[in-house]
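Descriptive analysis of the structure
If you want the building blocks of each chain, they are given just below.
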Amino acid sequence: MKVVFHEDFKRSDYTSDGASVQGRMESIMTALKTDGYIVVSPEPVSFEDLLLAHSQEHIAGIQKNTKLFEMACLSAGGAALAAKMAFNMDPAFACIRPPGHHASRDSTWDYCAFCNMGIALLKLKADGLIESAFVLDFDAHMGDGTIDVLSGWPEAKVFNPMTENSKEYISSIEDCVSNIEHADIVGVSAGFDSYEKDLGKKLKTMDFYLIGKLVKKLAKRLCRKRRFAVLEGGYYLPDLGKNVVAFCQGFE
Ligand SMILES: [Zn+2]
């Protein structure tokens, strides 16, 4: 498995929020490199790619902040590259920011600019490579943007587990994936703020490993192991790298 990353993702001068803080990308990349993952570098998506998921008005709104627009296009490019690699049977984790799962077609909130996951999948679909997709979003927050952006595509299913505790959380994913009949690719919106010491106060490090394994198993059953993940939230820096590595170990 490979990691999609660009040195520019370390920039923290494009906005000021929990996702853009200095040291966040470093904490993940240090842990991943220690674990020996090969890193590949993305290109920004084009304006046409953005239009697959967003209105002209929304794009123009983000463009008012030139630095944010550049970073957001590169972030979506990271997701698109991970999805393309996954389609070519090379599973990938995209360590990107800004996150994207709260970016809807016409609006966004909470640290997101463009819907990275939505753009990545809609691009594969527009290229005629896939007809269906399954997205697991394990961020602490509902991925309303991804749901909105993919809402016109009946063969794209999005699942956001919402439970009281970690045990129910894992079994709700098991239940959901066992009922999925087909998907040409499996995408994961990997939000590590569902961690027990982060905002979501729920999952342990081992749970991220188990989730990675479940997704891998699903991709093996449905779509010749085609799977990729993109970073969403995750703000407890002391354990963020460790949790990403746990997920990747299950996922690879
Ligand atoms: Zn979140």
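In the block above lies the structure referred to throughout.
Quick notes on the rules
Residues numbered from 1 in each chain as written. Predicted model: local features only at pLDDT ≥ 70, side-chain atom pairs only at ≥ 80, totals over all residues. Heavy atoms only, no water. Salt bridge = Lys/Arg side-chain N within 4 Å of Asp/Glu carboxyl O. Buried < 20%, exposed > 50% of the residue type's maximum accessible area, 1.4 Å probe, protein only. Pairing = 2+ DSSP bridges. Helix = DSSP H or I, 4+ residues; strand = E, 2+ residues; numbered from the N terminus. Axes fitted to C-alpha atoms, helices over the stretch in contact; angles between N-to-C directions. Contact = heavy atoms within 4.5 Å. Right-handed = clockwise from strand over helix to strand, strands pointing away.

1. Description of the pattern of salt bridges
The full count for this structure, using the stated rule, is 9 salt bridges. Among the salt bridges present, the one from Lys204 reaches Glu196, with a minimum N-O distance of 3.0 Å. Look at Lys204 and you get partly exposed, because its relative accessible area is 45%. Bridged by salt links that share partners, the residues Arg11, Asp13, Lys67 and Glu70 form one connected network.

2. Some details on the sheet that holds strand β3 (residues 92–94)
The 7 strands lie next to each other as β2-β1-β3-β7-β6-β4-β5, forming an open sheet whose pairing is parallel. Strands with a single pairing partner mark the edges of an open sheet, and in this sheet they are β2 (38–40) and β5 (156–159). Averaged over all neighbouring strand pairs, the angle between strand axes comes to 20 degrees, with direction disregarded. The sheet contact formed by strand β4 (residues 133–137) and β5 spans 4 bridges and is parallel. By the bridge assignment, Leu136 is partnered in β5 with Phe159. Sheet contacts for helix α8 (residues 205–222): β4, β6 (186–190) and β7 (227–231); angle to β6, the most-contacted strand, approximately 165 degrees.

3. Some details on the pairing of β7
Of all the 5 residues making up β7, 5 are buried; the element is thus mostly covered by neighbouring parts of the structure. Residues Arg227, Ala229 and Leu231 point to one face of β7 and Phe228 and Val230 to the other, with burial holding for every one of them. Where β3 and β7 come together, 3 bridges link them in parallel fashion. Within β7, the position partnered with Ala92 by the bridge is Phe228. Note that β6 and β7 share 5 bridges and pair parallel. Its bridge partner lying in β7, Ser189 is registered against Val230. You can see the chain leave β6, run along α8 and come back into β7, and the turn it takes is right-handed.

4. So, the environment of Ala60
The topology assignment puts Ala60 in helix α3 (residues 56–63). For the pair Ala60 and Asp35, spaced 25 residues apart in sequence, the C-alpha separation works out to 40 Å.

Worth remembering: the numbers are spatial, not functional.
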